Amino acid sequence: MVCAPCMPCWFLLGARACGESSVNHPASLRPSRTSSPSALFPDVVNCMQTDNLELKKLVYLYLMNYAKSQPDMAIMAVNTFVKDCEDPNPLIRALAVRTMGCIRVDKITEYLCEPLRKCLKDEDPYVRKTAAVCVAKLHDINAQLVEDQGFLDTLKDLISDSNPMVVANAVAALSEIAESHPSSNLLDLNPQSINKLLTALNECTEWGQIFILDCLANYTPKDDREAQSICERVTPRLSHANSAVVLSAVKVLMKFMEMLSKDLDYYGTLLKKLAPPLVTLLSAEPELQYVALRNINLIVQKRPEILKHEMKVFFVKYNDPIYVKLEKLDIMIRLASQANIAQVLAELKEYATEVDVDFVRKAVRAIGRCAIKVEQSAERCVSTLLDLIQTKVNYVVQEAIVVIKDIFRKYPNKYESVIATLCENLDSLDEPEARAAMIWIVGEYAERIDNADELLESFLEGFHDESTQVQLQLLTGIVKLFLKKPTETQELVQQVLSLATQDSDNPDLRDRGYIYWRLLSTDPVAAKEVVLAEKPLISEETDLIEPTLLDELICYIGTLASVYHKPPSAFVEGGRGVVHKSLPPRTASSESAESPETAPAGAPPGEQPDVIPAQGDLLGDLLNLDLGPPVSGPPLTTSSVQMGAVDLLGGGLDSLIGGTNFVAPPTAAVPASLGAPIGSGLSDLFDLTSGVGTLSGSYVAPKAVWLPAMKAKGLEISGTFTRQVGSISMDLQLTNKALQVMTDFAIQFNRNSFGLAPAAPLQVHAPLSPNQTVEISLPLSTVGSVMKMEPLNNLQVAVKNNIDVFYFSTLYPLHILFVEDGKMDRQMFLATWKDIPNENEAQFQIRDCPLNAEAVSSKLQSSNIFTVAKRNVEGQDMLYQSLKLTNGIWVLAELRIQPGNPSCTLSLKCRAPEVSQHVYQAYETILKN
């Protein structure tokens, strides 16, 4: 006897039995402890004939999961699928076609076409809407088949369906297909189809509404009248209970407002209607608030007039999480104007007395930003900052000095009376940015400070212990002082120039020192003109998103791009068909000048404020991976970086072979073994054996202790790095050697050379008890912030728990960054080797490596170092290899192996020669382990 629940239990729980010992399972279905559920495939397929709907669902669920492991046996299910697609019950018809679409087996795909065609024209709308989604799934498996069978045309016809859910699913499927094929014009929208979509919008479910609204956002109306008509019909969605629907509606309205004239009454009405739904979003839970605030930040930068009367809703509440507080603070500054500045300053002064240090720092900086943005409030802001300095709270004082420096740059010769107060707090400054700001103030206004030389000399005493930022500022400050008071400070300037040029290892500091030295020694007048030149005033807001990028992000409101404030191409790895979107062009009637009240304070009407790079921007960093448009600052032109047209960001090699304008350098050097003329024996040189070994995963180093317990209050962290099937992980082992329980773990990386960052939170699912150890695999991505480190593979990590925050640094092996598509085409290899300058070639000896060429090639390939060609020259085996890093940098290698000799010679060529040493270390690590 078999119990009725036993079969469903079996399918749902996989290899586990239902656990009822009183039940006798048939021998064919009785599970063993070692068997896999896939072994029961034939028996389960026989159960498809049942009339029990619940059981049929479970059988179909089993097929979806295990058909891939038994593709030949999956064919047995085809007849039942076809039969179920003609069942009188529409639920079974839909279930059958949905399951067939989810079984990603090529042999079944061709049998799906006829049932799918019938279901797309089924009389029941539930079946039709399911079939519409199935077309998108089938297209992902076999795009050519979908096009040949005419399913795309049928899908387009479903946009005119009488049922709104069918319309929504058809739109969703076409949008999905269009994303993977951006060149195809699948969603060829016209006023008639737009009208059908707007009609369906009122009747379909909330997710259906999102699909339709996103589709509408990709449409460009032919004139402002059509844009207004669409806006009128979309506006009711602003009152929807689902926040995703609201944001999708806001996206459509923000795009189409570009085409509306500001003189229209409807334009003003629309502005008023947009404010309440955005305000309502801020009453949700904190996570939703944060998403809403990030989107509002973009909206306020584009159209501040929408929320100019809603300042109070952005005031911080005592129980807001820190990430919500900081975002609200940012928006408050963007909305600050002469009308509300008194209210804003009162709030900010209150925030500056809070206990959260990060929040207080941001609040103090916000006061300075208000002074720079609203000129009429500058005096009041300076007074507020002086009050805060009198509190003598160390970090408040230091932040205040930093922002007062910016106020001096915005309003020169206006508020210098406060310098005496600032100098009183000189001894309490211990943060580099505050010390650098104070030195700048002393140097800039040295003629007004009687003891300026004494103040700067006090900084000079510990010159080598200061950060680079302070050293550079001190050098410039003392040179300014010398040019203003030459007779009194000659000894001081000689001392600082000597420290900068003779005793410093920092090339930036040394170069600046030499420039000043030569200027002062050859032409003091020119030095005065350069160093004491009148400086341009700083702009109103330095953190505005660049206008072109802002327009693109407006098109992505309600998506991850609007939360990251980056275009999808910057964080979607291998993003298929990522299309850059832009707002529709303004019509002639809508190109009226900006009204004075909507222009940023202090800027002439109709002008965008200048955007200057923030101090931390790394526009010159050779390893910068941010491929999207820069957040601020003008884009770098090709000629602005004199690196011999080197493209370190990847993609540059394509032009070396395929480009029509490519001309090989006439005297390019090649390795000795590649010196044969191309017509004589090149085919022999690249005579590779066919067939490539399967990847077995790259070498994994044993775990090492990164953070000893004595340095982390009892928490010991060991770890290593792995790369498996294209995914990078940090494998951690956390051990609690303290006497108390540890909880609330979190991890964060500092900016690093290759943008390594945690791809997920640090998940420690249970409290870590004393003497307990837990193993965790933390997935990593390479889309984080980039800063060139020394050494290049240095990674600085912060780990937090309920006890404290702990810091450590470790070196990651470079081979975890070698990607799977690093095998270069033979001809491209040869052309690239010739094109890379000789001075970029580095040679290394790998000792104690008694492997033959085949073993070496196989071992390296498992770590994504690919052999492009091999050859025997005078008894030496020559391997020509290529690899590619995650940021697109290619490295070419020539490996010489002498049979019987345990040493081999490695020659590396790369456009970024600084990585060669670390690639050599990767070779040595892989071959010796």
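In what follows, the structure referred to is the one given above.
The rules behind each value
- Residues numbered from 1 in each chain as written.
- Predicted model: local features only at pLDDT ≥ 70, side-chain atom pairs only at ≥ 80, totals over all residues.
- Heavy atoms only, no water.
- Helix = DSSP H or I, 4+ residues; strand = E, 2+ residues; numbered from the N terminus.
- Contact = heavy atoms within 4.5 Å.
- Buried < 20%, exposed > 50% of the residue type's maximum accessible area, 1.4 Å probe, protein only.
- Pairing = 2+ DSSP bridges.
- Phe/Tyr/Trp six-rings, centres within 6.5 Å; stacked < 30°, edge-to-face > 60°.
- Lys NZ or Arg CZ within 6 Å of the ring centre and 35° of its normal.
- Patch = residues over 30% accessible without salt bridge, like charges linked within 9 Å, V, L, I, M, F, W, Y side chains within 5 Å.
- Areas by Shrake-Rupley, 256 points an atom, 1.4 Å probe, with all protein chains shown as cover.
- Salt bridge = Lys/Arg side-chain N within 4 Å of Asp/Glu carboxyl O.
- Lys, Arg positive; Asp, Glu negative; His and termini not counted.
- Charge placed at Lys NZ, Arg CZ, Asp CG, Glu CD.
- Disulfide = S-S within 2.5 Å.
- Core = buried A, V, L, I, M, F, W, Y, C linked by side-chain atoms within 4.5 Å.

Caption draft 1: Expanded view of the environment of P770. Tracing the chain through its elements places P770 in the loop between β5 (757-758) and β6 (773-781). In this structure the C-alpha to C-alpha distance between P770 and V741, which are 29 residues apart in sequence, comes to 6.0 Å. What P770 contacts, discounting residues up to four positions off in sequence, is N736, A738, L739, Q740 and V741.

Caption draft 2: Seen up close, the pairing of strand β11 (residues 876-884). The buried fraction of β11 amounts to eight of the nine residues, a majority that puts the element mostly inside the structure. The sheet contact formed by strand β10 (residues 866-873) and β11 spans seven bridges and is antiparallel. Paired with A869 across the bridge in β11 is Y880. Adjacent in sequence and paired antiparallel, β11 and strand β12 (residues 890-897) are bridged by five residues, among which G888 carries a positive phi angle near 90 degrees.

Caption draft 3: Summary view of the packing of aromatic side chains. With the rule as written, the count across this model stands at 12 aromatic pairs. Through a chain of ring-to-ring contacts, the aromatic side chains of W706, F721, F808 and Y812 assemble into a single cluster. Lying over the aromatic face of F359, K325 brings its terminal NZ or CZ to 5.2 Å of the ring centre. Here the guanidinium or amino end of K414 rests over the ring plane of Y411, the centre of that ring lying 5.5 Å away.

Caption draft 4: Representation of a negative patch on the surface in the model. On the surface, E454, E457, E461 and E491 cluster together into a negatively charged patch. Checked against the element boundaries, E461 lands in the loop between α25 (452-460) and α26 (468-484). The exposure class of E461 is exposed, given its relative accessible area of 69%.

Caption draft 5: Broad picture of unusual backbone geometry. A cis amide bond links E790 to the next residue, P791, at an omega of -5 degrees. For P791, the location among the structural elements is in the loop between β6 and β7 (794-800). The backbone phi angle of H565 is positive, close to 60 degrees, even though this residue is not glycine. In this fold, H565 is placed in the loop between α31 (560-564) and α32 (654-657).

Caption draft 6: Structural view of the state of the cysteines. This structure, assessed with the given rule, holds zero disulfides. The thiol sulfur of C85 is not disulfide-bonded, and the nearest other cysteine sulfur, from C119, lies at 4.4 Å. Classification of C85 as buried rests on a relative accessible area of 7%.

Caption draft 7: Here's a closer look at the nonpolar core. One finds L63, L116, L197, L348 and F408 to be the most contacted residues of the largest nonpolar core, which totals 201 residues. Ignoring sequence-local partners within four residues, the contact set of L63 consists of F41, V45, M48, A77, F81 and I103. Counting residues in hydrophobic clusters, the runner-up holds 63 residues, among them I728, I747, C849 and V856.

Caption draft 8: Representation of the sheet that holds strand β1 (residues 704-707). As summarised here, the arrangement of the five strands in space is β1-β2-β3-β6-β5, forming an open sheet in which the pairing is antiparallel. Every other strand in the sheet has two partners, leaving β1 and β5 as the edge strands with one partner each. Alignment of strand β2 (residues 715-724) against strand β3 (residues 727-736), held across 10 bridges, turns out to be antiparallel. For R723, the partnering residue across the bridge sits in β3 and is I728.

Caption draft 9: Representation of the pattern of salt bridges in the model. Counted according to the given criterion, the structure contains 32 salt bridges. Across the salt bridge formed by R435 and E466, the nearest N and O atoms sit 2.5 Å from each other. In this pair, R435 sits in helix α24 (residues 432-444) while E466 sits in the loop between α25 and α26, placing the two residues 31 residues apart along the sequence. For the pair R435 and E466, a shared accessibility class is recorded, and that class is buried. Residue D804 pairs with K713 through a salt bridge whose shortest N-O separation is 2.8 Å. Residue D804 is found in the loop between β7 and β8 (805-811), and its partner K713 is found in the loop between β1 and β2; the two are separated by 91 residues along the sequence.

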